[in-house]
Amino acid sequence: MIEPRTLKGFRDHLPAQALARERLLDVARRVYRGYGFAPIDTPALEYLEILTGKGSEETDKQLYRFTDHGGRDVGMRFDLTVPFARFAAQHVHDLGLPFKRYHMATVWRGENTQRGRYREFMQCDFDTIGTTSPVADLEMVLVVHDLLAAIGIGGFTIRLNDRRVLAGMLGRLGLAERSGTVLRSLDKLGKATREAVAAELAAHQVAAPAVEALLEMAELRGTPQSMLARLGALVSGSEQGEAGVAALESLLAGATAAGVPADRVVVDPSIARGLDYYTGIVLESFLDELPALGSICSGGRYDNLAGLYTKQPLPGVGASLGLDRLLAGLEELGHASKVETAADVFLVHFDGARLPDYLRIAAALRAAGMGVEFFPEPKKVGQQLKLAARRGFPGALVIGGDEFAAGTAQFKNLATQQSVTIDWHGDLRVLVDAVHSQLEAAKHAG
RNA sequence: GUGGCUAUAGCUCAGUUGGUUAGAGCAUCGGUUUGUGGUACCGAGGGUCGCGGGUUCGAGUCCCGUUAGCCACCCCA
């Protein structure tokens, strides 16, 4: 026997989980489309040269790579941004600018696993390229907000910052050269203690007064207005820094105008993002009940997406929803649904001799848009109902000899265990309408 | 990739200082004279004690390796 098992960091998805994933995909798709983003897809495999040297040394190490049967060096995509850069460079002429796309697909990273962190996972990206308009930045924030709100996860917070504010600050402190290491240290403030971060900065040869100034900035908290005022003061004189503060200000004003609740969006100067290509606004979002899970939706603005593949500058802004991480969070918080069926009605196979009638009824219900699972065997009714209840069907339809004789049917609400009798006198349309309304009632009651 | 913790039935766990055919609850399946599920009763199936090696008369129990999970670093979704 071969032991059935999955690779480290790779997982099977059972119906309950697969249904939850599909629901999230549906929500994301709906929100993205609602803003005019169009779907695209790209291959899971790319020429190795397309993928290497794009993200950072880290992503190169994590890349799954091999030589294909034709001797080509290939790699599996580790995010959806790099393939999109290649895609954009290749197809710009057919797309028209600005171009908005969404892309929901699996990516692979050969790194160590942890909760909410796998080697195979799905991302749901959306980006607008070919415009530097702040409206596109604002739209990104609105999409992220609508997305997280629509998923119905309870509290969440979108943390905003602008790379230019950080750059301005570092410039004033004479640390522009070392922005990478400094920002990475600063980025840990949420997780590590202030002392640990200070020590790390000191280890990176940052002078004590500069460390103090950086921490003071990164730890600023308060209303957006006060934050902006204080950040403005900190970077005053830096053209870059002032531009960043102004951008944040207009972004917050726009979000408010679009109806985003004030407590959903905060300015957080410690948000830096590790990815080097961000140049303007950056954003991360967290579940209020589970901030330790990490960001579930992150993004920002970049000046030039596809510079490595084309001479045409393609500025853009976009973000990525970490579907599997979010799902892990929902499960941990007990928001995971136990439903294991995608159908609405469980049709009990009561009397084997009535098979043609059951088939006719099931077909009629399906034609009316209801999902129907018909049990394949005329097993004991109790067993059939037990299975149906376990799978989470909202309703079961019980029609045996007595019902057929009387022209009735029992609709059983599996959650409440209560049945109602439907009089349909052999008229399928009456039965279909009645089942439909019973189903709606059962769903809304639950 | 580095370090720490963990690993017994599908799930949650027992398993005495290493000592006979490894147990429980829940779950699953069957039944309680064959038309109705979450309660009751009866019964059944299911364990290479993660895997491999070592120490020992004898290891689930000790040692080493390995795989997987969790946590930290790192990075991020």
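Because the structure is a prediction, the values reported are computed rather than measured.

**Structural notes on the overall build of chain A**
Helix and strand counts for chain A come out as 16 helices and 16 strands. Expressed along its principal axes, the backbone C-alpha trace of chain A runs to roughly 90 × 55 × 45 Å. The buried share of chain A, taken over its 446 residues, is 47%. Once local pairs closer than 6 in sequence are excluded, the contacts in chain A between residues at least 24 apart make up 68%. Carbon together with sulfur atoms contributes 52% to the accessible area of chain A, which is approximately 21,600 Å² in total.

**Let's talk about the domain arrangement of chain A**
When the domains of chain A are assigned, the result is domain 1 (15–332) and domain 2 (345–445). Computed over C-alpha atoms, the centres of domain 1 and domain 2 are 49 Å apart.

**Things to note about the pairing of strand 10 (residues 297–302)**
Within strand 10, six of the six residues are buried, leaving the element largely enclosed by the surrounding structure. Because side chains alternate across strand 10, one face comprises the buried residues Cys297, Gly299 and Arg301, and the other comprises Ser298, Gly300 and Tyr302, equally buried. In this sheet, strand 11 (residues 316–322) lies alongside strand 10 in antiparallel orientation, the contact comprising six bridges. Residue pairing for strand 11: Ser298 is matched across the bridge by Ser320.

**Some points on the protein's contact with RNA strand B**
Neighbouring RNA strand B are 45 residues; Lys188, Ala389, Asp402, Gln410 and Gln417 lie closest to it. Backbone sugar and phosphate groups make up 46% of those atoms of RNA strand B lying within 4 Å of the protein. Here a phosphate oxygen of RNA strand B sits 2.9 Å away from a polar atom, N or O, in the main chain of Gly9. Within the side chain of Gln383, a nitrogen or oxygen atom sits 3.4 Å from a phosphate oxygen of RNA strand B.

**Focus on the packing of aromatic side chains**
Scanning the model with the defined rule gives ten aromatic pairs in all. For the pair Phe10 and Tyr64, a centre-to-centre distance of 6.1 Å together with 70° between the ring planes defines the contact as edge-to-face. Residue Phe10 is found in the segment before helix 1 (15–34), and its partner Tyr64 is found in the loop between helix 3 (57–62) and strand 3 (65–67); the two are separated by 54 residues along the sequence. Taken together, the ring pairs in this structure connect Tyr32, Phe37, Tyr102 and Phe126 into an aromatic cluster. Over the ring of Tyr118 we find Arg11, and its NZ or CZ is 3.5 Å from the ring centre. Looking at Arg101, its charged tip hangs above the ring of Phe84, at a distance of 4.0 Å from the centre.

**So, the pairing of strand 11**
Strand 11 sits mainly inside the fold: seven of its seven residues count as buried. Residues Gly316, Gly318, Ser320 and Gly322 point to one face of strand 11 and Val317, Ala319 and Leu321 to the other, with burial holding for every one of them. Two elements, strand 6 (residues 120–129) and strand 11, share seven bridges in a ladder whose sense is antiparallel. The residue of strand 11 that forms the bridge with Cys124 is Leu321.

**Points about the sheet that holds strand 16 (residues 418–423)**
In spatial order, the strands read 13-12-14-15-16; together these five strands make up an open sheet with mixed pairing. Two strands close off the open sheet at either side, each with one partner strand: strand 13 (372–374) and strand 16. The average undirected angle you get between the axes of adjacent strands in this sheet is 25°. Summarising the sheet, strand 15 (residues 408–413) and strand 16 pair through six bridges and their orientation is antiparallel. By the bridge assignment for strand 16, Ala409 is matched with Ile422. Docked against the sheet, helix 13 (residues 355–367) engages strand 12 (345–347), strand 13 and strand 14 (395–398), running at close to 165° with respect to strand 13.

**As for unusual backbone geometry**
Geometrically, the link from Leu97 to Pro98 is a cis peptide bond, its omega value of -5° lying close to zero. Within the secondary structure, Pro98 is located in the loop between helix 4 (81–95) and strand 5 (99–108). Residues other than glycine seldom take positive phi values, yet Gln417 does so here, at roughly 70°. Structurally, Gln417 is set in the loop between strand 15 and strand 16.

Analysis parameters
Residues numbered from 1 in each chain as written. Chains lettered and ligands numbered in written order. Predicted model: local features only at pLDDT ≥ 70, side-chain atom pairs only at ≥ 80, totals over all residues. Heavy atoms only, no water. Helix = DSSP H or I, 4+ residues; strand = E, 2+ residues; numbered from the N terminus. Buried < 20%, exposed > 50% of the residue type's maximum accessible area, 1.4 Å probe, protein only. Contact = heavy atoms within 4.5 Å. Areas by Shrake-Rupley, 256 points an atom, 1.4 Å probe, with all protein chains shown as cover. Domains from an automatic or database assignment. Pairing = 2+ DSSP bridges. Near = heavy atom within 4 Å. Polar contact = N/O pair within 3.5 Å; in protein donor to acceptor, adjacent residues only side chain to side chain. Phe/Tyr/Trp six-rings, centres within 6.5 Å; stacked < 30°, edge-to-face > 60°. Lys NZ or Arg CZ within 6 Å of the ring centre and 35° of its normal. Axes fitted to C-alpha atoms, helices over the stretch in contact; angles between N-to-C directions.

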